[in-house]
Amino acid sequence: MPYLPVPRPIEQRRPFFRAFGPAFVLVVLVLAAAAGPAAPARAAEPDYTGYQTLLKRYVREVSVKGKPYETRFDYEQLFIDEDIWATKRADGLAALHSQLLSVTPASMTPRERTAWAINTYNFMAIERMTLHLLVPGRKFMRYDSPMQQNNEDGSFFAAPVAMIDGMSYSLAGFERRFLYGDTAAQTLDDGLIAREQPGDPRIMCALVKASLCSGPLQKWVYRADSLEAQLDRAARLTLALPTWLRADVTTGQLSATNRFFEERADFGGAELPGLVPFLLKYAPAASKRVITAHRLTRPNLFFEPDWKLNQFDHPRPALPGADSTKAGGKR
């Protein structure tokens, strides 16, 4: 497993919440208090300013010219900036958590609720991965996949991460309840049992599960007034990645991630009758040509998702006396 860089001196760290100063923390506390039982329902999205700042600071574009758009998240730097090693907490993330959960989902319009749920899910995945980034008892060794991250609360997707309207939710439970309308979602639901409730297939492209088998985490928040365009963009960016689709025009072979099968409720069931229409609308031109030329009704084969952590790898410093033009390799 990779190792976290040695933390910088505390005076050099830039805790996320300090960018806003005391006023930001005060606002968060007021919002959290307003979410109490006596507070009136609010049919509006929360203030996403803090979450937007988090994305801009720690989402790193790693795209190569001429290749699909890709990003990584810098969990390591966020861990260091929040001084989690010493304090075992992250005040900035806790403030954002309170802010994003200061609303009443039932009072939102469907588009507001979907935008809020995507933002909140992605944030909570970032929060949980960052808080538990290091392997216990192994100093600066970090986990290399969310699938490796287990503690006394449960696995990454099954551990409780949010309390909403008096009910505790895991990431998997939150996803099912607030994005797919599954009212039977349980706190410890690990998502291994396939959904039966269908939903918008673009949502799977917008949710980032702290791994390379997700779509690219983008630097902007989802909003109700632009949700349709944002979901369309998420679908196109995601399907352009070889971790999702691989088209060979010469052989007519189309390979796809098994995540489509995992989310088969959105594509009409186990035979995935709705997948090809989805691909013809959002997939890259090469995939569309293969589908059309060979009259495919489904991909030729499916491959296992890559659950490796979507961590941004910092360039290695040049060794003394080394050619600086050759430095910058990945760890």
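Values in this document were obtained by computation on a predicted structure and should not be read as measured data.

Peer 1: Explain unusual backbone geometry to me, using residue names and the numbers behind them.
Peer 2: Unusually for a residue other than glycine, Lys139 sits at a positive phi of about 55°. Position of Lys139 among the secondary structure elements: in the loop between helix 6 (110–131) and strand 3 (150–151). Even without glycine at this site, Asp165 takes up a positive phi of about 50°. Along the chain, the position of Asp165 falls in the loop between strand 5 (160–164) and strand 6 (167–170).

Peer 1: How would you explain the pairing of strand 8 (residues 253–257) if you had to name every residue and give the values?
Peer 2: Burial of strand 8 is extensive: four of the five residues sit out of reach of the surface. Pairing of strand 7 (residues 245–248) with strand 8, which is carried by four bridges, proceeds in the antiparallel orientation. Residue pairing across strands places Ala247 opposite Leu254, the latter belonging to strand 8. Note that strand 8 and strand 9 (residues 301–303) share three bridges and pair parallel. Looking across to strand 9, one finds that Thr257 is bridged to Phe303.

Peer 1: With reference to specific residues and values, describe the sheet that holds strand 8.
Peer 2: Sheet strands pair by backbone hydrogen bonding; their relative direction is either parallel or antiparallel. Strand order across the open sheet formed by three strands is 7-8-9, with mixed pairing between neighbours. The two strands at the open ends of the sheet, each matched to only one other strand, are strand 7 and strand 9. Each neighbouring strand pair of the sheet contributes to a mean axis angle of 20°, computed without reference to strand direction.

Peer 1: Any chance you could break down the nonpolar core for me, citing the residues and the numbers?
Peer 2: Nonpolar side chains in soluble globular proteins tend to end up buried together. Formed by 82 residues in total, the largest nonpolar core has its most connected members in Leu54, Trp116, Phe174, Leu239, Phe260, Phe278 and Leu279. In terms of residue count, helix 6 provides more of this core than any other element does, 10 residues in total.

Peer 1: Talk me through the packing of aromatic side chains; I want residue IDs and the actual numbers.
Peer 2: Using the criterion set out here, one finds 14 aromatic pairs in the structure. Just above the ring of Trp85 sits the side chain of Lys88; from NZ or CZ to the centre is 5.2 Å.

Peer 1: I'd love a proper account of the side chain of Gln230, names of residues and values included.
Peer 2: With respect to the helices and strands, the residue Gln230 is situated in helix 9 (residues 227–239). The buried category is assigned to Gln230, whose relative accessible area is 9%. Only 2.8 Å separates the side chain of Gln230 from the backbone oxygen of Val221, close enough to count as a polar contact. The contact partners of Gln230, leaving out residues within four places of it in the chain, are Trp220, Val221, Tyr222 and Arg223.

Peer 1: Mind laying out helix 6, listing which residues take part and the relevant values?
Peer 2: Its 22 residues place the ends of helix 6 31 Å apart at the C-alpha level, agreeing with the 32 Å of an ideal helix rising 1.5 Å per residue. When you tally the buried positions in helix 6, you get 18 out of 22 residues, the bulk of the element.

Peer 1: Hey, could you go over the pattern of salt bridges for me, with residue numbers and the actual values?
Peer 2: For the coordinates displayed, the defined rule picks out 13 salt bridges. Put simply, Arg142 and Asp144 hold a salt bridge, and the shortest N to O gap is 3.4 Å. For the pair formed by Arg142 and Asp144, the shared burial category is buried. Two residues, Arg195 and Glu263, come together in a salt bridge whose shortest N-O distance is 2.7 Å. Taken together, the residues span a long stretch of sequence, with Arg195 in the loop between helix 7 (171–180) and helix 8 (203–206) and Glu263 in the loop between helix 10 (259–262) and helix 11 (275–282) at a distance of 68 residues. Here Arg195 and Glu263 have matching classes, each one buried.

Peer 1: Tell me what's going on with the environment of Lys209, and back it up with residues and numbers.
Peer 2: By secondary structure assignment, the location of Lys209 is in the loop between helix 8 and helix 9. Each C-alpha atom of the pair Lys209 and Phe156 lies 9.6 Å from the other, and the pair is 53 residues apart in sequence. Those residues in contact with Lys209 that lie beyond four places of it in its chain are Tyr121, Pro146, Phe156, Phe157, Glu175, Ser214, Arg259 and Trp307. A polar atom in the side chain of Lys209 sits 2.8 Å from the side chain of Glu175.

Here is what the cut-offs are and how they apply
Residues numbered from 1 in each chain as written. Predicted model: local features only at pLDDT ≥ 70, side-chain atom pairs only at ≥ 80, totals over all residues. Heavy atoms only, no water. Helix = DSSP H or I, 4+ residues; strand = E, 2+ residues; numbered from the N terminus. Buried < 20%, exposed > 50% of the residue type's maximum accessible area, 1.4 Å probe, protein only. Pairing = 2+ DSSP bridges. Axes fitted to C-alpha atoms, helices over the stretch in contact; angles between N-to-C directions. Core = buried A, V, L, I, M, F, W, Y, C linked by side-chain atoms within 4.5 Å. Phe/Tyr/Trp six-rings, centres within 6.5 Å; stacked < 30°, edge-to-face > 60°. Lys NZ or Arg CZ within 6 Å of the ring centre and 35° of its normal. Polar contact = N/O pair within 3.5 Å; in protein donor to acceptor, adjacent residues only side chain to side chain. Contact = heavy atoms within 4.5 Å. Expected span 1.5 Å × (residues − 1). Salt bridge = Lys/Arg side-chain N within 4 Å of Asp/Glu carboxyl O.

Limitation: the analysis is restricted to geometry and does not speak to function.
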